[in-house]
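# Notes for the structure review
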Amino acid sequence: MTTHSILFLLGLSLSNSLLFAQTSPQIPVPPIITNGKAFPGIETLPECSTLPNPLQTHEGTRVTTTEQWYRQRDEVKAIMTYYAVGQMPPAPGNVQGHELKSQLLLDGEVQYRLVHLSFGPQQSLGFDIALFVPISKPGPFATVIFPSFSPTPGAEPLVTMPRRPEQGHGKDALRLPLGIPMVPDPAPEPKREDPTQTAEKHRALFDRGFALVTYHYQDCGEDTIARNEDASWAFRNTRFFPAYPHYDWGLLGAWAWGVSRCIDYLETQDFADPTAFIATGHSRLGKAVLVAGAYDERIAISAPAGTAGGGVGVYRLCGKTRTGGEGLDDMMRKYPNWFSPHLHQFAHDPEKLPFDQHWFIALTAPRAFITLDGATDHICSAEATQAALDAARDVYALFGQTDRLTGNVCDHGHTYNECDWQALLDFADAQLQR
């Protein structure tokens with residue numbers, strides 16, 4: 001068969017698949033039974049065009065003190081767990097690190113270490129992290145935890161299952177054919193990241209006295225919308241998920257859980273200041289950082305960047321028919337598996353949500369929070385992001401800490417660049433009083 005014929009058949013197959021995705025009925029995902037607290041479904045919830053107030057209790061009274069807030073916070077977190085994130089497993093409590101490599105970089109000013117973390121049942125779970133520590137300066141250091149789209153520097157990339165060809169093209173994930181695509185023969189060679197390149201890229205961070213931990217996000221949860229033949233999500237076949245079958249967490253929860261496992265290890269390391277952990281990430285990883293900062297109180301500064309739909313911006317304002325950017329309907333069509341399975345019911349009616357995204361920021365209070373955005377990032381809604389910051393400000397005001405909540409906008413599109421890093425480090429220096 002000629003190359004032209006093969007390409008024609010592949011194109012025909014993809015066209016038929018896309019047609020199937022547009023015309024077929026949705027195939028529901030089998031429910032996962034958890035022991036978490038359940039909340040009402042959309043059919044019993046009132047419509048509310050204004051942003052739900054995290055300071056209003058379910059009895060209708062208003063929280064006015066920090067003591068009351070800490071009680072209210074548990075209810076807010078339970079609501080976010082049920083509707084937004086899914087139930088995550090508790091911390092495993094047994095994180096260990098085994099050094100695989102060590103090297104001096106940047107003319108001996110930075111030490112690079114590749115460490116394998118292991119944890120969970122019988123230490124059966126784990127992933128590799130790359131640490132970069134500026135040894136030419138006195139520690140301990142504020143440490144930036146940066147889940148990345150790039151492979152972990154110096155590590156052997158983990159095998160990932162093939163993605164469906166429709167992924168990233170805006171098709172309804174619940175209308176796609178079941179089954180995991182075949183592996184191409186031969187499979188493409190996984191990309192590798194050189195530690196020297198990573199260190200050079202982040203030289204400004206080390207010059208300013210910060211340490212860095214980075215790793216590939218898919219080592220914590222495979223970013224695929226493929227489904228098994230029983231209609232369950234294929235991402236649950238690998239990484240952390242088989243060890244915790246009775247938790248209905250989506251991929252954002254898994255990526256956030258990975259940030260916390262890094263902190264478990266960093267707390268055992270002399271170079272890391274345990275009061276100065278900073279979590280940052282871009283796009284879908286910014287969404288994960290938003291979750292991590294809300295749930296892990298050891299994170300001193302949360303810095304989600306370019307988060308778009310399902311991120312910092314409130315759902316009630318995000319969306320192409322309102323103020324631009326990705327909306328809840330976009331997220332539930334393209335990537336419903338990133339979220340709690342209970343979120344999908346609100347896809348076309350966000351005003352029935354009993355919460356909105358500013359509740360994640362409220363859960364972060366009074367710890368520092370900065371959102372990093374691009375002025376020409378058209379999948380984000382500047383209005384929705386500002387509304388989230390404004391709506392969470394009252395919680396920070398309870399603590400007298402409104403100066404710990406801010407946003408920064410750089411002149412770029414959907415990227416994370418030097419301007420964003422500089423804004424983050426400036427904010428961290430001010431908040432940590434370095």
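Residues numbered from 1 in each chain as written. Predicted model: local features only at pLDDT ≥ 70, side-chain atom pairs only at ≥ 80, totals over all residues. Heavy atoms only, no water.

## Some remarks on unusual backbone geometry
Our working definition: Comment: elements are numbered from the N terminus, with helices defined as DSSP H or I runs of at least four residues and strands as E runs of at least two.
Residue Gly139 is joined to Pro140 through a cis peptide bond whose omega torsion reads 0 degrees. The topology assignment puts Pro140 in the loop between strand S3 (125-134) and strand S4 (141-148). Following Ala365, the chain continues to Pro366 via a peptide bond in cis, the omega torsion being 5 degrees. By secondary structure assignment, the location of Pro366 is in the loop between helix H8 (358-364) and strand S8 (368-374). Located in the positive-phi region is Leu106, a residue other than glycine, with phi close to 50 degrees. Counting through the fold element by element, Leu106 comes out in the loop between strand S1 (96-105) and strand S2 (110-119).

## A short note on the pattern of salt bridges
Here is the rule we go by: A side-chain nitrogen of Lys or Arg and a carboxyl oxygen of Asp or Glu constitute a salt bridge if their distance falls within 4 Å. In this scheme, a residue with accessible area under 20% of its type's maximum is buried, one over 50% is exposed, and one in between is partly exposed, where area comes from a 1.4 Å probe on protein chains only.
Within the structure shown, the criterion is met by 22 salt bridges. Across the salt bridge formed by Glu75 and Lys37, the nearest N and O atoms sit 3.2 Å from each other. You can see Glu75 sitting in helix H2 (residues 66-85) and its partner Lys37 sitting in the loop between helix H1 (3-23) and H2, a full 38 residues away along the chain. Using a relative accessible area of 21% as the deciding quantity, one classes Glu75 as partly exposed. Arg284 is the partner of Asp223 in a salt bridge, and the nearest nitrogen-oxygen pair spans 2.4 Å. Separated by 61 residues along the polypeptide, Asp223 in the loop between strand S5 (210-216) and helix H5 (251-266) and Arg284 in helix H6 (residues 284-295) bring together distant segments of the chain. Among the residues examined, Asp223 registers a relative accessible area of 1% and is labelled buried. Here Arg284 falls in the buried class, since its relative accessible area comes to 16%.

## Observations regarding the state of the cysteines
Here is the rule we go by: We call a pair of cysteine sulfur atoms a disulfide when they lie within 2.5 Å.
Under the counting rule described, the total for this entry stands at one disulfide. No disulfide involves Cys220; its nearest neighbouring cysteine sulfur is the one of Cys262, lying 6.9 Å away. Of all cysteine sulfurs in the structure, the one in Cys380 sits closest to Cys318, which takes part in no disulfide; the separation is 7.9 Å.

## Overview of the side chain of Asp264
This is how the line gets drawn: Every residue pair with non-hydrogen atoms within 4.5 Å of one another is taken to be in contact.
If you trace the backbone, Asp264 turns up in helix H5. The buried category is assigned to Asp264, whose relative accessible area is 16%. Apart from residues no more than four positions distant in its own chain, Asp264 is found in contact with Pro92, Val95 and Arg298.

## Digging into the packing of aromatic side chains
Short version of the rule: For Phe, Tyr and Trp, where Trp contributes only its six-membered ring, two rings pair if their centres lie within 6.5 Å, and the inter-plane angle classes them as stacked under 30 degrees, edge-to-face over 60, or tilted in between. Counted as over-ring charges are cases with an Arg CZ or a Lys NZ within 6 Å of the ring centre that also lie within 35 degrees of the ring normal.
Tallying each qualifying case throughout the model produces 29 aromatic pairs. Aromatic pair Tyr416 and Trp421: ring centres 5.0 Å apart, planes at 15 degrees, arrangement stacked. In this structure, Tyr416 and Trp421 share a single accessibility class: buried. Residue placement shows Arg261 over the ring face of Trp257; its charged tip is 4.6 Å from the ring centre.

## Looking at the nonpolar core
Put simply, the rule is: What makes a nonpolar core is a set of buried Ala, Val, Leu, Ile, Met, Phe, Trp, Tyr and Cys residues whose side-chain atoms join them at distances within 4.5 Å.
If you look at the biggest cluster of nonpolar residues, it comprises 96 residues, and the most contacted ones within it are Ile129, Phe355 and Ile361. Ranked by the residues each element gives to this core, the list is headed by H5, at eleven residues. If we skip the residues at most four places from it in the chain, Phe355 touches Pro52, Ile79, Met80, Tyr83, Ala84, Tyr315, Arg316 and Leu343. The next biggest cluster of nonpolar side chains, apart from the first, holds 32 residues, and it includes Leu105, Phe206, Phe210 and Tyr416.

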